[in-house]
Amino acid sequence: MAHSASFRENAHSADDQHYGEHVFRPQDEGEADRIDLGALAYDATTTARLRELGVGPGWRCLDVGAGTGTVARALLREAGAAEVVAVDRDVRFLAAEPTPGLTALEADITSDGFAPGRFDLVHARFVLMHLPDPARMIDRLAAMLAPGGVMVVSDAVDLTTRDAPENSFTSTVRAMWQGLRDTIGTDVDWVPSCPRMLRTAGLESVAAEIHVPPLVPGSPINRFWTETWQRARPAMTATRLVDDATIDDAVHCLDSPDFYGFSPGMLTAWGRRP
C-alpha cells in the first residue's frame, strides 16, 4: 500500500483540515452528484420531520451546510417558507440554481463573525459531525432562534458496525470513520448525545429519531457509500484497517442482492426555544 504512506506524508493534521478542502472537494467532478445521492436517501425523512414540526408559510429559515440546496428549496417550494438563508463554505451548487426566496450565504459558521440573524427554523444536517466542538456549535445555533423557533439537527449515527460480524463491509465502514477522523476531524461518537446537548442549550420539547435506509443494490444510499469510499479511499487505506481489495469487496457487497447489513443511519434531534 505505497500510496498510503504517500498520503500520510502529504496530508495535514485534522486540526488544519476542513470538510471539502481535502476529501470531499466541491470542485471535484461528480461531488454534486454524490451529495444528491445522500439527499435522495434522506430528504423525505428530513422534510417530513420539518413539516411535522410546523414549518410552513411565513417561516424564516436558516439551512446550515446546505450543500446542493435540496432541503432549502423544499422548504420554499413544498412547505411554503417565506425565506431560506442557505449557508455553506462553498455556495457554487446553490448558486447554480437560483430560487425565489433563497439566499445563498458563503460563510464559515465556526467564525465568531457568523451572525446571520434570527430564524423560526435553524436546520443543520451532516454538518456538526465534521466540526471540532459540536456542543458549542449547538449553543451558537440555538441562540439564532427567534422565540418559539425550532432547531433541527441531523448527523450520522452508527449503532451497528462496532458489534457487527467482521466482514469487508463492516471493516470498510470502520476504516471510513477512522480515516475521516484522522484527516478532517469527523466524529460521530457524540451523536447519540445530541438531544442532551439541545436541552443543555436551553431548548424545550426535545425529542429524537433515527432513520436507517435499507441497503438495496442500486439504491441512492448504496451508490452514496460507493462514491464516498472512492473519494475517501486514500484516507481509509492510510488507517491500515483495510486495503484496496477490502474496499472493492465492500462495494461488491453493496451490488449483491445476497448481502445483508445495516447502513450507518441519521439521528435527527429537535427542540424549541421558549
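Before reading further, recall that the structure is shown in the block above.
Residues numbered from 1 in each chain as written. Predicted model: local features only at pLDDT ≥ 70, side-chain atom pairs only at ≥ 80, totals over all residues. Heavy atoms only, no water.

Focus: the environment of Thr 237
Position of Thr 237 among the secondary structure elements: in helix α8 (residues 220-238). Linking Thr 237 and Thr 226, residues 11 residues apart in sequence, is a C-alpha distance of 15 Å. (Helix = DSSP H or I, 4+ residues; strand = E, 2+ residues; numbered from the N terminus.)

Points about the sheet that holds strand β4 (residues 119-125)
Spatial ordering of the open sheet is given by β3-β2-β1-β4-β5-β7-β6, a layout of 7 strands whose pairing is mixed. With partners counted over all chains shown, the strands left at the sheet margins are β3 (102-106) and β6 (204-211), one partner each. Pairwise comparison of adjacent strand axes, ignoring direction, gives a mean angle of 15 degrees for this sheet. With 6 bridges joining them, β6 and strand β7 (residues 265-272) adopt antiparallel strand pairing. Paired with Glu 204 across the strands is Arg 272, a residue of β7. (Pairing = 2+ DSSP bridges. Axes fitted to C-alpha atoms, helices over the stretch in contact; angles between N-to-C directions.)

Some remarks on the pairing of strand β5 (residues 145-157)
A large share of β5 lies buried, amounting to 11 of its 13 residues. Pairing between β4 and β5: 6 bridges, direction parallel. Counterpart to Val 122 in the pairing with β5 is Met 151. Viewed along the sheet, the connection from β4 through helix α5 (residues 134-142) into β5 turns out right-handed. Strand direction decides the pairing type here: β5 and β7, joined by 8 bridges, are antiparallel. Residue pairing across strands places Ala 156 opposite Met 266, the latter belonging to β7. (Buried < 20%, exposed > 50% of the residue type's maximum accessible area, 1.4 Å probe, protein only. Right-handed = clockwise from strand over helix to strand, strands pointing away.)

With respect to the layout of surface pockets
Size it by volume and the second largest pocket reaches roughly 380 Å³. Here the lining of the second largest pocket gets 4 residues from one element, more than from any other, and that element is helix α6 (residues 168-184). Class assignment of the residues belonging to the lining of the second largest pocket gives a composition of 6 nonpolar, 3 polar and 7 charged. (1 Å grid on protein atoms, 1.4 Å probe; cavity = no way out; pocket = protein on both sides within 12 Å on 5 of 7 lines; lining within 4 Å. Points joined across faces, edges and corners; volume = space filled by probe spheres on them. Nonpolar A, V, L, I, M, F, W, Y, C, P; charged D, E, K, R; others polar.)

With respect to the packing of aromatic side chains
Summed over all chains, the structure comprises 4 aromatic pairs. Ring plane angle 70 degrees and centroid distance 5.2 Å describe the contact between Tyr 42 and Phe 126, whose orientation is recorded as edge-to-face. Taken together, the residues span a long stretch of sequence, with Tyr 42 in helix α2 (residues 31-52) and Phe 126 in the loop between β4 and α5 at a distance of 84 residues. Using a relative accessible area of 25% as the deciding quantity, one classes Phe 126 as partly exposed. One aromatic cluster in this structure is built from Phe 169, Trp 229 and Phe 259. (Phe/Tyr/Trp six-rings, centres within 6.5 Å; stacked < 30°, edge-to-face > 60°.)

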